[in-house]
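Read off the chains here:
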Amino acid sequence: MKGASSTARPRRLSVRRDSLEVDGRSLVDLELGGWAYGPELGQAPVCLLVGGLTATPFPFGNGEDERAWWPALHSPDLIDPERVTVLCFEWPGNGSYFQGVNDTSHAVHLSVQGLADLMATWLQGIGCTTPLTCVGASLGALVGFALAQRHPERVQRLVSISAGLRPDGWGTATRHLQRELVRDGLRNGDVETGMARARQLGMLTYRGRNELDTRFGLLSPSLAVPPVAEYLDRHGRRFAKSFPVATFLLLSEAIDRCSFGQDPGALREAVEKVSAEVTVIGVPGDQLFPWHLQEELHRELQAAGASSALWKLDSDFGHDAFLADQDRLAEILRDAGCLRAEKPPERRRFQGLGVEPTRRIRIGMIGCGTVGYGLLEMLDRQAEAIAERYGVAFDVTRIAVRDIHKERGPLAAVIAATTDPLALVSDPEVDVIVEAAGGLAMEKAVRAALASGKAVVTANKVLLADKLAELGLLAQRTATPLSCEAAVVAAIPILRHLSHRADEVESLFAIVNGTCNYLLTRLEQDELSLDSALEEAMRLGLAEADPSADIDGHDAAAKLSILTYRAFGSWIPTAAMRVIGIRELRPADCDLAESLGYRIRHIARARRHLGALDVAVEPLLLPSWHLLASVEEEYNAVYMQCASSGDLSLFGKGAGGLPTATAILGDLIDLAQKNTMRWPEPRELRALPEDNIERRHYLRVSAEAHPGIERRIESLVRRAGLSIQGRALRVEAEHTHHAFMISACTDARFEEAKAAVATLSRVVATLGLGVVE
């Protein structure tokens, strides 16, 4: 072994061998060389850097004429030659030598595995006995994996960048064509042109299509050659003058001769020999070693029980991103923690999953009130748990609010704010739009986001009740996710269930307005008047300053419109629904219903009937045993009857800042996992006319006390062709409340009978409600 001691500049370390068996052939008169930065071997941890086919052995430069090609990795928190011995092997014919290596007429054929054996021989010869960290890119990653597989005792950590377990057919064909161009040059006596053309062809595979398109563009009429020509010529000439022909042919063919097994069983057996902790880094736009090859390598390692983590380097530079976008690569290496100097912990096979990458999703949020700030609090509080469970970090990078000077709390104060929601849509630093402002005015921003391919998560039931059919189709046309769980029953994941159900929904009954349910609970349990119960709800923050949308049923109708689209695939606008609120209900109604064995709840319902949909929002009498009858306070619930799976129900809080923020966060998590809902074109299912439905009815008659009033009411009911099937009575100081259970009929027929009863002189008020059997 020959070498010199220096930490300021790399020093050459070489090993001589008379002969060596490699790939089944005997190589003779070998000198295997390489370079070392930093401390002497044995004095510090060792990192082996292996570049691509054309890489020099000087990733950090040589202090003279060789420039560094991996400077971003030269860092105290990555690879520090002051504390780590950095080794770099010389490829055969480009520093290393054996007899015949430079003979282009009788080429020596080596594989990636053969190159790994040469490297192992060099490591042994220079006295490197410490298990090392190997960082390889492209060909270097293939050789690094072969080293870890064939000499597992030498490699404790492996970072494989832009490679895989094998080349693919397209890459093999491209490299074959490159070699033929060089051989044509050798035959024609113009090897420089052959090498230049081979390099130019290679440049088209090394760089990304997007980069070439945006950087150079097309051949315009004013140009003789396309703008990319000068770029290709420059790289071709430089390569032809500086790189050894024989080395290019040998290394190019070594990639294509790479094989770790001819069948799945042999491949699995080979991979099982790897004991190193492996980090696989790939580029989605890589044409030479496509992303699926990185996934294959990671999958095989995981299946064999090895420690492997798969990281994605998003870059327009394609295969050469490890050089052209190396600052981003350096950040991935930091996040992965794969260049730690200390020895990896001992682990059994199939123990752990490796350090998984955390994907960052940047959010632009429109609105930062109760719901928006609740989302900020949840993201802050659960950041670590979300990253651990789902491998994602959500970062609200910008908000749009009406008043940027309003105090909103410390979490909002550090976020850039604007008054223009469209500014978030056009911001390239925003990946997803969260719309938590509400109202029809948000339509423009939501449409713009969907049209531009920017995913939308919204809690805006008012907008969706009016425009969901149009927005859903726009989302489908542009293949852009539109998620709106928070617009229905907040923390109850009903839309998520309906989007991924395997069964057909026959009917859906739901309590979807927490305010109404709280008011009914107070009427029922405390016998408060509606006005008194409403004052209490406002004091507790359970009712809006203007509660009319809640108590008149319009809020529930908007939610039912969304549910109907999701459950039945049919768009029923709220204007086509029967919508009745709870303004006419009295504590007496709750008491009388209970006497009859029922409880009153404000129900949003949709069910198939006679080829149409029976869709309505109204207070109904539910049997006391019914699941929804037991839902109290501000809680919501959804009860479904399905064709195959029978009865299903979901229960939880359906309103409030944090429950709604929970639903938004759930949509964001689904979005990160690419588990979003489709919005098919609405089916032609009409709303069923009310006169097509027969049901029993509850009739409450409030009247002055009189011994003959019940007889007169019963007479009028009989004249309408109906019968009374149950009755109850409640006496109060001013009036007597009579409750009757009327036999099944259409709503129209019942209303006629009720109107007749209302004409009686002692009757003060009447109320009719449908009954669920």
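Here the structure is shown first, and the text comes after it.
Residues numbered from 1 in each chain as written. Predicted model: local features only at pLDDT ≥ 70, side-chain atom pairs only at ≥ 80, totals over all residues. Heavy atoms only, no water.

Caption draft 1: Layout of the sheet that holds strand β12 (residues 432–435). Strand order in the open sheet made by the six strands is β11-β10-β9-β12-β13-β14, with parallel pairing throughout. Of all the strands in the sheet, the pair left with one neighbour each is β11 (416–418) and β14 (482–483). Across four bridges, strand β9 (residues 359–366) lies against β12 in parallel orientation. Looking at the pairing, I363 lines up with V432 of β12. Running over the sheet, helix α12 (residues 370–381) touches β9, β10 (392–400) and β12 and is turned about 160° from β9. (Pairing = 2+ DSSP bridges. Helix = DSSP H or I, 4+ residues; strand = E, 2+ residues; numbered from the N terminus. Contact = heavy atoms within 4.5 Å. Axes fitted to C-alpha atoms, helices over the stretch in contact; angles between N-to-C directions.)

Caption draft 2: How the structure looks around the nonpolar core. L48, L87, L115, L118, W122 and L123 are the most contacted members of the largest nonpolar core, which totals 82 residues. With sequence-adjacent residues up to four places away left out, L87 is seen in contact with L13, W35, A36, L41, V46, C47, L48, L49, W122, L123, I126 and C128. Membership of the second largest hydrophobic core comes to 54 residues, among which are A400, V425, V488 and I492. (Core = buried A, V, L, I, M, F, W, Y, C linked by side-chain atoms within 4.5 Å. Buried < 20%, exposed > 50% of the residue type's maximum accessible area, 1.4 Å probe, protein only.)

Caption draft 3: Layout of the environment of A266. With respect to the helices, strands and loops of the structure, A266 is situated in helix α8 (residues 264–271). Judged by its relative accessible area of 28%, A266 falls in the partly exposed class. A C-alpha to C-alpha distance of 70 Å links A266 and I551, two positions 285 residues apart in sequence.

Caption draft 4: Molecular detail of the packing of aromatic side chains. One pass over the structure, following the stated rule, counts 13 aromatic pairs. Site record: aromatic cluster; members linked through ring pairs are W69, W70 and F322. (Phe/Tyr/Trp six-rings, centres within 6.5 Å; stacked < 30°, edge-to-face > 60°.)

Caption draft 5: Focus on the side chain of E536. Relative to the helices and strands, E536 is located in helix α20 (residues 530–539). When near neighbours in sequence (up to four residues on either side) are disregarded, E536 contacts Y518, R522 and L528.

Caption draft 6: Structural detail: the pattern of salt bridges. Per the stated rule, a full pass over the model turns up 62 salt bridges. In this structure, R234 engages E230 in a salt bridge whose closest nitrogen and oxygen atoms are separated by 3.5 Å. Taken together, the residues span about one helical turn, with R234 and E230 both in helix α6 (residues 228–242) at a distance of four residues. Among the residues examined, R234 registers a relative accessible area of 32% and is labelled partly exposed. Note that R268 and E300 form a salt bridge whose closest N and O atoms lie 3.1 Å from each other. Taken as a pair, R268 in helix α8 and E300 in helix α9 (residues 291–303) lie far apart in primary sequence, 32 residues in all. According to the relative accessible area criterion, R268 is partly exposed, its value standing at 30%. Among the ionic contacts, a cluster of salt bridges with common partners joins R578, R605, R607, D614, E618, R695 and D747. (Salt bridge = Lys/Arg side-chain N within 4 Å of Asp/Glu carboxyl O.)

Caption draft 7: Looking closely at the pairing of β12. Burial along β12 is two-sided: V432 and V434 and I433 and E435, pointing in opposite directions, are all buried. Taken together, the four bridges between β12 and strand β13 (residues 455–458) define a ladder with parallel strand orientation. Counterpart to I433 in the pairing with β13 is V456. Where the polypeptide runs from β12 across helix α16 (residues 443–451) and back to β13, its parallel neighbour, the crossover connection is right-handed. (Right-handed = clockwise from strand over helix to strand, strands pointing away.)

Caption draft 8: Layout of the environment of M577. When you line up the elements, M577 lands in the loop between α22 (554–568) and β16 (578–579). It is 9.5 Å that separates the C-alpha atoms of M577 and L560, two residues lying 17 residues apart in sequence. Leave out the neighbours within four places in its chain, and M577 touches A557, L560, S561, I572 and V615.

Caption draft 9: Quick peek at unusual backbone geometry. The phi dihedral of A479 is positive, around 55°, even though this residue is not glycine. Along the polypeptide, A479 turns up in the loop between α17 (461–477) and β14. Phi at K674 takes a positive value of approximately 55°, unusual for a residue other than glycine. Tracing the chain through its elements places K674 in the loop between α24 (657–672) and β21 (694–703). With a relative accessible area of 69%, K674 lands in the exposed category.

Caption draft 10: Summary view of helix α25 (residues 709–719). Buried residues of α25: I709, I713, L716 and V717, and no others. One face of α25 carries all of its buried residues, which in axial projection span an arc of 100°. In α25, those exposed residues whose orientation departs by more than 90 degrees from the buried face are R711, R718 and R719. At its buried positions, α25 is contacted by β21, β22 (724–731), β23 (736–746), α26 (747–758) and β24 (763–771). Note on α25: the residue one or two positions beyond its end, G721, has a positive phi of about 80°. (Arc of directions from axis to C-beta.)

Caption draft 11: Highlighting the sheet that holds strand β6 (residues 155–161). In spatial order, the strands read β1-β2-β4-β3-β5-β6-β7-β8; together these eight strands make up an open sheet with mixed pairing. Every interior strand has two partners, whereas the edge strands, β1 (11–22) and β8 (307–312), have only one. Strand after strand, the sheet turns through a mean of 20° between neighbouring axes, direction not considered. Summarising the sheet, β1 and strand β2 (residues 25–37) pair through 11 bridges and their orientation is antiparallel. Residue pairing for β2: V22 is matched across the bridge by R25. Seen against the sheet, helix α1 (residues 112–125) touches β1, β2, β3 (46–50), β4 (85–89) and β5 (132–137) and runs at an angle of roughly 125° to β1.

Caption draft 12: Focus on the packing of α1 against helix α2 (residues 139–150). Packing of α1 against α2 leaves a shortest axis separation of 8 Å and a crossing angle of 70°. Viewed along their axes, α1 and α2 adopt a mutual orientation that is roughly perpendicular. Relative to α2, α1 is oriented so that their crossing is right-handed. Residues V112, Q113, L115, A116, D117, M119, A120 and L123 of α1 form the contact with α2, whose participating residues are L139, L142, V143, A146, L147 and R150. Broken down by class, the residue content of the contact of α1 with α2 amounts to 11 nonpolar, one polar and two charged. (Parallel < 35°, antiparallel > 145°, perpendicular 65-115°, else oblique. Left-handed = near helix turned anticlockwise from the far one by under 90°. Nonpolar A, V, L, I, M, F, W, Y, C, P; charged D, E, K, R; others polar.)

Caption draft 13: Representation of the side chain of D168 within the structure. Checked against the element boundaries, D168 lands in the loop between β6 and α3 (169–188). Of note is the side chain of D168, whose polar atom sits 2.8 Å from the backbone nitrogen of G171. For D168, the residues in contact, after removing those within four places along its chain, are R175, L288, P290 and L293. (Polar contact = N/O pair within 3.5 Å; in protein donor to acceptor, adjacent residues only side chain to side chain.)

Caption draft 14: Quick peek at the state of the cysteines. Within this structure, the stated rule accounts for zero disulfides. The thiol of C134 is unpaired, and the distance to the nearest cysteine sulfur, on C47, comes to 7.8 Å. The exposure class assigned to C134 is buried, which follows from its relative accessible area of 0%. Not part of a disulfide, C338 finds its nearest cysteine sulfur in C47, a span of 9.5 Å. (Disulfide = S-S within 2.5 Å.)

Caption draft 15: Region of interest: the packing of α8 against α9. The contact between α8 and α9 brings their axes to 9 Å, and the two run at 75°. In terms of orientation, α8 and α9 fall into the roughly perpendicular class. Every residue of α9 that contacts α8 at L267, R268 and V271 is listed here: E300, L301 and A303. Split by residue class, the contact of α8 with α9 holds four nonpolar, no polar and two charged.

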